[in-house]
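Tertiary structure, described
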Amino acid sequence: MTKSKVILSILLITLVIAATLILLKREREENSTSKTTVKLSSGYLNRVEIIVLVDNNPNPQRPDLKTVWGISMLVKAGNITILFDAGPSPKILKHNCEALGVNLSELTFIVLSHEHGDHIGGLPYIAEVKPGLKVYVPSKMSDYAKNWIKSLNLTLIEVESSTVVTKGIVIIGQLYGPPWEQALALNTTRGLVVLVGCSHPGVENIVSKAVKELETKPYLVIGGFHMVSRSREDCEKTVKELLKLGISLIAPIHCSGDTIRKILDEQYSEHYLKACVGTKVEIND
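These figures come from a predicted structure and were not determined experimentally.

Moving on to the sheet that holds strand E7 (residues 163–166). A sheet is described by the order of its strands in space; here six strands give the open sequence E7-E8-E9-E10-E11-E12, paired in mixed fashion. Both edges of this open sheet fall to E7 and strand E12 (249–253), since each of them pairs with a single strand only. Sheet twist, expressed as the mean angle between neighbouring strand axes with direction ignored, is 20°. Pairing of strand E9 (residues 180–188) with strand E10 (residues 191–196), which is carried by five bridges, proceeds in the antiparallel orientation. Among the inter-strand pairings, Leu186 is bridged to a residue of E10, identified as Val193. Strand contacts of helix H6 (residues 203–214): strand E8 (169–176), E9, E10 and strand E11 (218–224), with the helix running at about 130° to E8, the strand carrying the most contacts.

And the structure:
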């Protein structure tokens, strides 16, 4: 064997080993986010209210509300008020909050699903009305996004794995999409209510993780399903997977697309919760 062939063989072997190590590292990281068993601190949430503050789907009954590509939802549970994602625009978030009579200075904390601009761009408005507020983010969020959030005078809290924040309220630890993404679960008397941002790791995978870790049947999933460009077959498969997990209501908004909404409306209307900007959902006893 010539010297050049020996060198080429060594380079190829080195590349194979490097690729294998990268894959193994990725697998360990993903597995580390899926094996944690979480126990709720105690009891259930007797009443939960969710308000869609920002969405790209208009509300025919509320033409005063502005739409934009993004998502933000307000959660009220007892004396806790949570903002899940902040939409892309401080101005639109402020406008819709004022139109809906929502005062974000009453927030207890924020949960960000992931770092994309259509989910964190509205944060400057929160920093204005509630400086220093706690913001829970995936620990694997980019340093650029983390540093920007800190620069707004908000308190950054990194979440490595599923975490009980307070009674009945759990952050579902990050899964890889890309990017890394987390969700919010509320343990109500009717079952788990899961809020998702864009579901880059797959909405069925996020709900499955919540169900396995919290050992509680799901009731509702609401948020972006990241299926705007997916085929009808893929959308039908996702609906079936969610129903197989035992979910009762499915509310796709933001990046979910019209296909999955149409399928739910036509074939699974008993499980379809229509939602858009301004929608209010109440779950109680």
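So much for the structure itself; the text now carries on.
Along a regular strand, successive side chains alternate from one face of the sheet to the other. Pairing geometry for strand E5 (residues 134–138) and strand E6 (residues 155–159), over five bridges, is parallel. Bridging from a neighbouring strand, Val135 pairs with Leu156 of E6. Traced from E5 through helix H5 (residues 143–151) to E6, the parallel crossover comes out right-handed.

Across the sheet, which stays open at both edges, the seven strands sit in the order E6-E5-E4-E3-E2-E1-E13 with mixed pairing between neighbours. Whereas interior strands pair on both sides, the edge strands pair on one side only; in this sheet they are E6 and strand E13 (280–284). In this sheet, adjacent strand axes meet at a mean angle of 20° when their direction is disregarded. By the bridge criterion, two bridges tie strand E4 (residues 109–111) to E5 in an arrangement that is parallel.

So, on to helix H7 (residues 232–244). Helix length check: H7, at 13 residues, gives a terminal C-alpha distance of 18 Å against a target of 18 Å (1.5 Å per residue), a fit within 8%. Where H7 is buried, its residues meet H6, E11, E12 and helix H8 (258–267). One or two residues past the end of H7 sits Gly246, with phi positive at roughly 95°.

Evaluated as defined, the whole model comprises two aromatic pairs. Where Phe109 meets Tyr136, the ring centres are 5.3 Å apart and the plane angle is 75°; that geometry is what we call edge-to-face. Taken as a pair, Phe109 in strand E4 and Tyr136 in strand E5 lie far apart in primary sequence, 27 residues in all. For the pair formed by Phe109 and Tyr136, the shared burial category is buried. A cation sits over an aromatic face here: Lys140 above Trp180, 4.8 Å from the ring centre.

Looking at the element boundaries, Asp55 is found in the loop between strand E1 (47–54) and strand E2 (72–77). Buried and without a salt bridge, Asp55 has Arg261 as its closest oppositely charged side chain, separated by 5.3 Å. Engagement of the side chain of Asp55 in a polar contact is seen with the backbone nitrogen of His254, the distance being 2.8 Å. Setting aside residues up to four positions removed in sequence, Asp55 forms contacts with Lys66, Thr67, Val68, Gly70, Ile253, His254, Ala275, Cys276 and Val277.

Conventions used here
Residues numbered from 1 in each chain as written. Predicted model: local features only at pLDDT ≥ 70, side-chain atom pairs only at ≥ 80, totals over all residues. Heavy atoms only, no water. Pairing = 2+ DSSP bridges. Helix = DSSP H or I, 4+ residues; strand = E, 2+ residues; numbered from the N terminus. Axes fitted to C-alpha atoms, helices over the stretch in contact; angles between N-to-C directions. Contact = heavy atoms within 4.5 Å. Right-handed = clockwise from strand over helix to strand, strands pointing away. Expected span 1.5 Å × (residues − 1). Phe/Tyr/Trp six-rings, centres within 6.5 Å; stacked < 30°, edge-to-face > 60°. Buried < 20%, exposed > 50% of the residue type's maximum accessible area, 1.4 Å probe, protein only. Lys NZ or Arg CZ within 6 Å of the ring centre and 35° of its normal. Lys, Arg positive; Asp, Glu negative; His and termini not counted. Salt bridge = Lys/Arg side-chain N within 4 Å of Asp/Glu carboxyl O. Polar contact = N/O pair within 3.5 Å; in protein donor to acceptor, adjacent residues only side chain to side chain.

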